[in-house]
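Coordinate inspection notes
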Amino acid sequence: MAQLSKRIGKFPGYPLAKIPQRKRELLAKGVDVIDLGAGDADVPPPAVAVRALTEALQDPAMSRYGFQLGLPAFREAVVRYHQRRFGTAFDPMAEVLPLLGSKEGLAHLALATCEPGDICLVPEPGYQCYIGGAIASGSEPRIAPLVAEQQFLVELGELPRDVLRRTRLVYLNYPNNPTAAIAPRDYLERTVAVCREYQIALAYDNPYCEVTFDGYRAPSIFEIDGARDIALEFHSCSKTFAMTGWRLGWVVGNRELIKALTTVKSYHDTGPFLAIQAAGAAVLDRAEELAKDTVRLFESRRAGTLKARAAAGVEVAPPKATHYLWVPLPEGTKSAEFQTQAMEEEGVIVLAGSSFGPSGEGFFRIALTVGAERLTEGVERLGRVLARA
Ligand SMILES: Cc1ncc(COP(=O)(O)O)c(C=O)c1O
């Protein structure tokens, strides 16, 4: 057997890694599986995306390497979207970069900003590519636990000064996966101020900015003065437009950071498929209208399962954003055990809080990824597991 790097042993198990295989086995055995695990809704991508992709496929130029430049029309559509949606202006060539989904850009950013010995601040529970990026860069991932008592916010100003001095990158994600927390404006102002003071790169992960409810509008970090000095903001076609498998995202922000990330990516990938970028441009030009359909869908799923959730003891205050419910478990119930029981005994896939990092213990996450009727059935089955817990 070839020798593996020490680094490979440092990656914690990826939360979703084993689930698809087990799901296949259960389905093969005839189990009626309800999958509320990955944030991957059961709805088709927008017709405009499919049309634009089909058209683009007729053009042989679209089958060539895209490199990091990608399709200028996509960069320009990104700029128009940010201008309309957040009132922020970007140079399409210097302050935008197409991504193969936002995940790779987030993880690769650590290679562009962190050295061994540096600290990379990782919120937990959180999306696991942050810690993956930190480990790959050889830096020290420093966990920032997200706790309900602090509204799941990471208060950078409360960290010891020597930690801040060694920190080169911080990942933040609001609206948040998995807790569904949102970030107030004054919190973002405080955060940007600390990052500027200590020259820390801020990776603001914002793929759920359109999945918001009850009149809440999620901001961009670039609505905050000074953010351009230190921040990049990551976006995705995955959640808003149900295009998870297409692998298309983008990042905007500080031009030096964009340049550094472009350098790293040039050695790892050759950019998203150009025809998919053409579809992304078409979708972004209708983003607000398409996002309304997405929000309506998740709102109806949330509302449609309210009664069933109350009956099953799966109760959470309605979140202002994201299509996730972050549900507390009864005292002493281990979330990994609950996840296994839900899957093996009731055929329901949910994610254990601990799969988002140890600080997620005591919770599990439901993704509103199936219709209200199936969701209700799933919730009833989860209620049975809870009753046995
Ligand atoms: C917080 C967060 N960031 C980023 C992503 C990655 O999205 P994608 O790589 O599909 O653009 C996800 C996906 O679940 C996520 O939850």
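Look a little higher up for the structure.
Model, not experiment: these values are computed from the prediction. (Residues numbered from 1 in each chain as written. Predicted model: local features only at pLDDT ≥ 70, side-chain atom pairs only at ≥ 80, totals over all residues. Heavy atoms only, no water.)

1. Re the layout of surface pockets
Sizing a probe to match a water molecule and rolling it over the atoms shows the empty space that remains. Note the cut-off: A 1.4 Å probe that fits into a set of points on a 1 Å grid over the protein atoms alone but cannot get out defines a cavity; an open set with protein on both sides within 12 Å along at least five of seven lines defines a pocket, and lining residues are those with an atom within 4 Å of a point. Grid points are joined across faces, edges and corners, and a volume is the space filled by probe spheres set on the points. Helix numbering and strand numbering both begin at the N terminus, where a helix is a DSSP run of H or I of at least 4 residues and a strand a DSSP run of E of at least 2. Only Asp, Glu, Lys and Arg are considered charged in this grouping, and only Ala, Val, Leu, Ile, Met, Phe, Trp, Tyr, Cys and Pro are considered nonpolar; every other residue, Gly among them, is considered polar.
By volume, the largest pocket amounts to about 510 Å³. Lining the largest pocket are 26 residues; nearest its centre among them are Y14, L16, G39, Y127 and K239. Ranked by residues supplied to the lining of the largest pocket, first place goes to helix 4 (residues 102–113) with three residues. Taken together, the residues of the lining of the largest pocket sort by class into twelve nonpolar, eight polar and six charged.

2. Concerning the site of the ligand
Going by this rule: A cutoff of 4 Å decides nearness: a residue is near a molecule or strand if any of its heavy atoms lies inside that distance of it. Under this definition, polar contacts are N or O atom pairs within 3.5 Å; protein pairs additionally need one hydrogen-donor-capable and one acceptor-capable atom, and for neighbouring residues in sequence, both atoms have to be side-chain atoms. Under the convention used here, a 1.4 Å probe and the Shrake-Rupley method define accessible areas, while residue burial counts only the protein chains that appear. Just a note on the criterion: a molecule sits in a pocket or cavity if more than half of its atoms are within 2 Å of the grid points.
If you check the shell around the ligand, you find 15 residues, and the closest are N177, D205, Y208, S236 and S238. The separation between an oxygen atom of the ligand and a polar side-chain atom of N177 is 2.7 Å. Between the ligand and S236, the relevant distance is 2.6 Å, taken from an oxygen atom to a side-chain nitrogen or oxygen of the residue. Computed on the free molecule, the ligand has an accessible area of 400 Å², of which 94% lies beneath the protein chains in the complex. Spatially, the ligand is embedded in the largest pocket. For the shell around the ligand, the leading source of residues is helix 4, giving three residues. Class assignment of the residues belonging to the shell around the ligand gives a composition of five nonpolar, six polar and four charged.

3. Considerations on unusual backbone geometry
Along the chain, Y174 connects to P175 via a cis peptide bond; the corresponding omega equals -10 degrees. Inspection of the secondary structure puts P175 in the loop between strand 5 (167–172) and helix 7 (185–198). Here F152, not a glycine, exhibits a phi torsion of approximately 60 degrees, which is positive. Along the chain, the position of F152 falls in the loop between strand 4 (140–145) and helix 6 (161–166). A positive phi angle, near 55 degrees, is found at D214, a position not held by glycine.

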